[in-house]
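Structural description and commentary
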Amino acid sequence: MILSIFMIFSCGENAEKKSEETTAEETETKKETEVSEKNVILFFGNSLTAGMGLEPSEAFPALVQNRLDSLGYNYEVVNAGLSGETTASGKNRINWVLDQDVDIFVLELGANDGLRGIPLEETRKNLQDIIDTVKEENPGTRIVLAGMQIPPNMGEKYTSEFRNIFPDLAEKNDVELIPFLLEDVAGDPELNQQDGIHPTAEGYKIVTENVWDVLEGVLEKE
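The notes below deal with the structure included here. (Residues numbered from 1 in each chain as written. Predicted model: local features only at pLDDT ≥ 70, side-chain atom pairs only at ≥ 80, totals over all residues. Heavy atoms only, no water.)

Take the packing of aromatic side chains next. Counted under the stated rule, the structure contains five aromatic pairs. Seen in terms of ring centroids, Phe44 and Phe105 are 5.6 Å apart; in terms of plane orientation they differ by 35°. Their pairing is tilted. Linking Phe44 in strand S1 (residues 39-45) with Phe105 in strand S3 (residues 104-108), this pair joins segments that are 61 residues apart in sequence. Given the relative accessible area of 1%, Phe105 is considered buried. Each member of the aromatic cluster is reached from another via a ring pair, and the members are Phe43, Phe60 and Tyr204. Sitting over the face of the ring of Trp212, Arg67 holds its NZ or CZ atom 5.3 Å from the ring centroid. (Phe/Tyr/Trp six-rings, centres within 6.5 Å; stacked < 30°, edge-to-face > 60°. Helix = DSSP H or I, 4+ residues; strand = E, 2+ residues; numbered from the N terminus. Buried < 20%, exposed > 50% of the residue type's maximum accessible area, 1.4 Å probe, protein only. Lys NZ or Arg CZ within 6 Å of the ring centre and 35° of its normal.)

Okay, structure coming up:
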């Protein structure tokens, strides 16, 4: 009788323990499913996207994530910014970052090309190739192109033609355009780090607004 009671108690304890383990597994699976079900916004760019000189949490992709979360959007931001990236090196690594499903692709490249005086047609072609690759790999991905401008060091003609690359490509490919990523930030010493190129934390707050003004219209709210 005592043995029978012990066996019943033990079986009940094991069943309860098994039930707890199953519940824990189900909870973990649910969490993983919820994460995987989030739509992805991938910011593909250079040091301006990476947030060079600051904490990653101060760069504009992280600030966009904060805005998304506060407004209840079901999106996960991926910061694929790489310091020193040119359109050529971006073209070389684009297939690697597209291994994941991407719902919105924000292309922020070109500034390093302009600062180095890379031929404009090369920059234009590389950006076009990146856009083509995204469309081929993920036909449903919505693309946002970040416009860029450079100081007139390379001459007025080069500077003007460089600026026009971005609206031209946006119109040609029917993608959204952020007119100038660094609007109201570029050239202001109070909003840029000592190099005069990369925004401070305060500068990135303004950059975030520039991005959000365009991105908001592209989002699908759950």
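Before going further, it helps to examine the sheet that holds S3. With parallel pairing, the five strands of this open sheet are ordered in space as S2-S1-S3-S4-S5. Pairing within the sheet leaves two strands with one partner each, and these edge strands are strand S2 (75-81) and strand S5 (176-178). In this sheet, adjacent strand axes meet at a mean angle of 20° when their direction is disregarded. Sheet analysis places S1 next to S3, joined by five bridges and oriented parallel. Among the inter-strand pairings, Leu42 is bridged to a residue of S3, identified as Phe105. In this fold helix H3 (residues 60-71) packs onto S1 and S2, with an angle of close to 180° to the strand it touches most, S2. Across the sheet, helix H6 (residues 120-137) is in contact with S1, S3 and strand S4 (142-146); its angle to S3 comes to roughly 170°. (Pairing = 2+ DSSP bridges. Axes fitted to C-alpha atoms, helices over the stretch in contact; angles between N-to-C directions. Contact = heavy atoms within 4.5 Å.)

The next point concerns the packing of helix H4 (residues 87-97) against H6. Relative to each other, H4 and H6 sit at 15°, their axes nearing to 9 Å. Relative to H6, H4 is oriented roughly parallel. Between H4 and H6 lies a crossing whose hand is left-handed. Contacts from Thr87, Ala88, Gly90, Lys91, Ile94 and Asn95 in H4 reach Glu122, Thr123, Lys125, Asn126, Leu127, Asp129, Ile130, Thr133, Val134 and Glu137 in H6. (Parallel < 35°, antiparallel > 145°, perpendicular 65-115°, else oblique. Left-handed = near helix turned anticlockwise from the far one by under 90°.)

Another aspect to go through is the side chain of Asp113. With respect to the element layout, Asp113 can be found in helix H5 (residues 111-116). Within the structure, the side chain of Asp113 is placed 2.9 Å from the side chain of Thr123, a separation counted as a polar contact. (Polar contact = N/O pair within 3.5 Å; in protein donor to acceptor, adjacent residues only side chain to side chain.)

We now examine the pattern of salt bridges. Applying the stated criterion across every chain yields a total of eight salt bridges. Of the charged contacts, one joins Glu209 and Arg67 as a salt bridge, the two residues approaching to 2.4 Å between their closest N and O atoms. Of this pair, Glu209 sits in helix H8 (residues 201-215) while Arg67 sits in helix H3, and the two are 142 residues apart along the sequence. On the basis of relative accessibility, which here comes to 34%, the residue Glu209 falls in the partly exposed class. Taking relative accessible area as the criterion, Arg67 reaches 23% and is therefore assigned partly exposed. With a closest N to O distance of 2.9 Å, Lys205 and Glu202 form a salt bridge. You can see Lys205 and its partner Glu202 sitting in helix H8, three residues apart, about one turn around the helix. What makes Glu202 partly exposed here is its relative accessible area of 43%. (Salt bridge = Lys/Arg side-chain N within 4 Å of Asp/Glu carboxyl O.)

Before going further, it helps to examine the environment of Ala186. As for its placement among the helices and strands, Ala186 is situated in the loop between S5 and H8. In this structure the C-alpha to C-alpha distance between Ala186 and Pro199, which are 13 residues apart in sequence, comes to 7.9 Å. Ignoring any residue separated from it by four or fewer positions in sequence, one finds Ala186 in contact with Phe180 and Asn192.

What follows covers H3. Helix length check: H3 (twelve residues) gives 16 Å between terminal C-alpha atoms against 16 Å at 1.5 Å per residue, within 8%. Every buried residue of H3 is accounted for by Phe60, Pro61, Leu63, Val64, Gln65 and Leu68. Lining the buried residues of H3 we find S1, helix H2 (47-50), S2 and H8. Following H3 by one or two positions, Gly72 adopts a phi angle in the positive range, close to 85°. (Expected span 1.5 Å × (residues − 1).)

None of this, on its own, says anything about what the molecule does.
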